[in-house]
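# Structural overview for review
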Amino acid sequence: NAGVMQNPRHLVRRRGQEARLRCSPMKGHSHVYWYRQLPEEGLKFMVYLQKENIIDESGMPKERFSAEFPKEGPSILRIQQVVRGDSAAYFCASHRLGDSGNTIYFGEGSWLTVV
Amino acid sequence: ILNVEQSPQSLHVQEGDSTNFTCSFPSSNFYALHWYRWETAKSPEALFVMTLNGDEKKKGRISATLNTKEGYSYLYIKGSQPEDSATYLCALKWGGSQGNLIFGKGTKLSVKP
């Protein structure tokens, strides 16, 4: 059973371009979180999704950032018109919906560099 | 604003020392408390999920306790080894099964041989 898969692992974009980060949850997992790790900081919550629904997007910047988790395929975090401040590691995590003891599993992250 | 606090921020110990860290969180709307071990350039590795007040969990030399009424959890490492060096994160899941998962900033542990 493959773990949480993120791609690309490393992405370089010029200012103004778009970045798309993908997250394939573990098999059987219906929910995905996205987090951003800025240099010297911890994991900052961005968005929490289930298939075809955004549960909580309170951590998403109001502009340029969007996320989706379609019925089929991976969850995608999209950053339009990237700026240097978007350079960070982006992590996704997935879990099965069920009892409170469910483990939440993380991917290995996608490192975005904006030049 | 929901705050999950971890202390200390960093810790340097000698091989063989036992150590512990604290995670503090608001006790209202508690659903679960997660502990992770995070090495640089890797994904956070799940250690424990704790849900009930008084829970104690153990995995090898690492154990954790939970007090939901006063809003804290302790992580203990017995006989630290250099390979234990990592950042230990706690995260609060609150508000139910579809609630948010909020992380503390972590405790960075360095174990010297």
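Now for a look at the structure at hand. (Residues numbered from 1 in each chain as written. Chains lettered and ligands numbered in written order. Predicted model: local features only at pLDDT ≥ 70, side-chain atom pairs only at ≥ 80, totals over all residues. Heavy atoms only, no water.)

This brings us to the layout of surface pockets. Residues and elements named next belong to chain B. Estimates place the volume of the largest pocket at around 620 Å³. By residue number, the principal contributor to the lining of the largest pocket is strand β11 (residues 107–112), which donates 4 residues. Considering only residue class, the lining of the largest pocket consists of 6 nonpolar, 9 polar and 5 charged. Considered as a void within the structure, the second largest pocket measures approximately 240 Å³ in volume. (1 Å grid on protein atoms, 1.4 Å probe; cavity = no way out; pocket = protein on both sides within 12 Å on 5 of 7 lines; lining within 4 Å. Points joined across faces, edges and corners; volume = space filled by probe spheres on them. Helix = DSSP H or I, 4+ residues; strand = E, 2+ residues; numbered from the N terminus. Nonpolar A, V, L, I, M, F, W, Y, C, P; charged D, E, K, R; others polar.)

Time to look at the sheet that holds strand β1 (residues 5–7) of chain B. Residue and element names in this part refer to chain B. Taken in spatial order, the 5 strands line up as β1-β3-β8-β7-β6 in an open sheet, and their pairing is antiparallel. Each edge of the open sheet carries a strand with a single partner, namely β1 and β6 (56–59). If you compare each strand with its neighbour and ignore which way they point, the axes differ by 15° on average. (Pairing = 2+ DSSP bridges. Axes fitted to C-alpha atoms, helices over the stretch in contact; angles between N-to-C directions.)

Residues and elements named next belong to chain B. With respect to the helices, strands and loops of the structure, Y76 is situated in strand β8 (residues 72–77). Separated by 15 residues in sequence, Y76 and R61 have C-alpha atoms that sit 8.0 Å apart. Y76 has contacts with T19, N20, R61, I62, S63 and T65, leaving out every residue within four places of it along the chain. (Contact = heavy atoms within 4.5 Å.)

All names here are of chain A. Strand order in the open sheet made by the 4 strands is β1-β3-β8-β7, with antiparallel pairing throughout. Strand pairing shows two members of the sheet lacking a second neighbour, β1 (5–7) and β7 (65–68), which therefore form its edges. Ignoring strand direction, the axes of neighbouring strands in this sheet form an average angle of 15°. For β7 and strand β8 (residues 75–79), the ladder comprises 4 bridges, and the chain directions are antiparallel.

To continue, consider the interface of chain B and chain A. Counting residues at the interface gives 22 residues for chain B and 27 residues for chain A. Counting each side, the surface lost to burial between chain B and chain A is near 1800 Å², with a carbon and sulfur contribution of 61%. When the buried surface of chain B facing chain A is broken down by residue, W38, Q98 and N100 of chain B rank first, second and third, together holding 28% of it. For the pair chain B and chain A, the number of links is 0 salt bridges. Of all the secondary structure elements, the ones that give two or more residues to the side of chain B that touches chain A are β4 (30–38), β5 (45–50), β9 (86–94) and β10 (101–103) of chain B. At 5 residues, the largest contribution of residues to the side of chain B that touches chain A is made by β4 of chain B. (Buried area = accessible area lost by both parts, 1.4 Å probe. Salt bridge = Lys/Arg side-chain N within 4 Å of Asp/Glu carboxyl O.)

Scanning the entire structure with this criterion turns up 14 aromatic pairs over all chains. Note on Y35 of chain A and F103 of chain B: the rings are 5.2 Å apart at their centroids and 90° apart in plane angle, and the pair reads as edge-to-face. Of this pair, Y35 of chain A sits in strand β4 (residues 31–37) while F103 of chain B sits in strand β10, on two different chains. Neither Y35 of chain A nor F103 of chain B differs from the other in exposure class; each is buried. Taking 5.7 Å as the distance between ring centres and 75° as the angle between the ring planes, the aromatic pair formed by F106 of chain A and F103 of chain B counts as edge-to-face. Residue F106 of chain A is located in strand β10 (residues 105–106), and its partner F103 of chain B is located in strand β10; the two belong to separate chains. According to the relative accessible area criterion, F106 of chain A is buried, its value standing at 7%. One aromatic cluster is present, built from ring pairs that chain together Y33, Y35, F45, Y48 and F106 of chain A together with Y36 and F103 of chain B. (Phe/Tyr/Trp six-rings, centres within 6.5 Å; stacked < 30°, edge-to-face > 60°. Buried < 20%, exposed > 50% of the residue type's maximum accessible area, 1.4 Å probe, protein only.)

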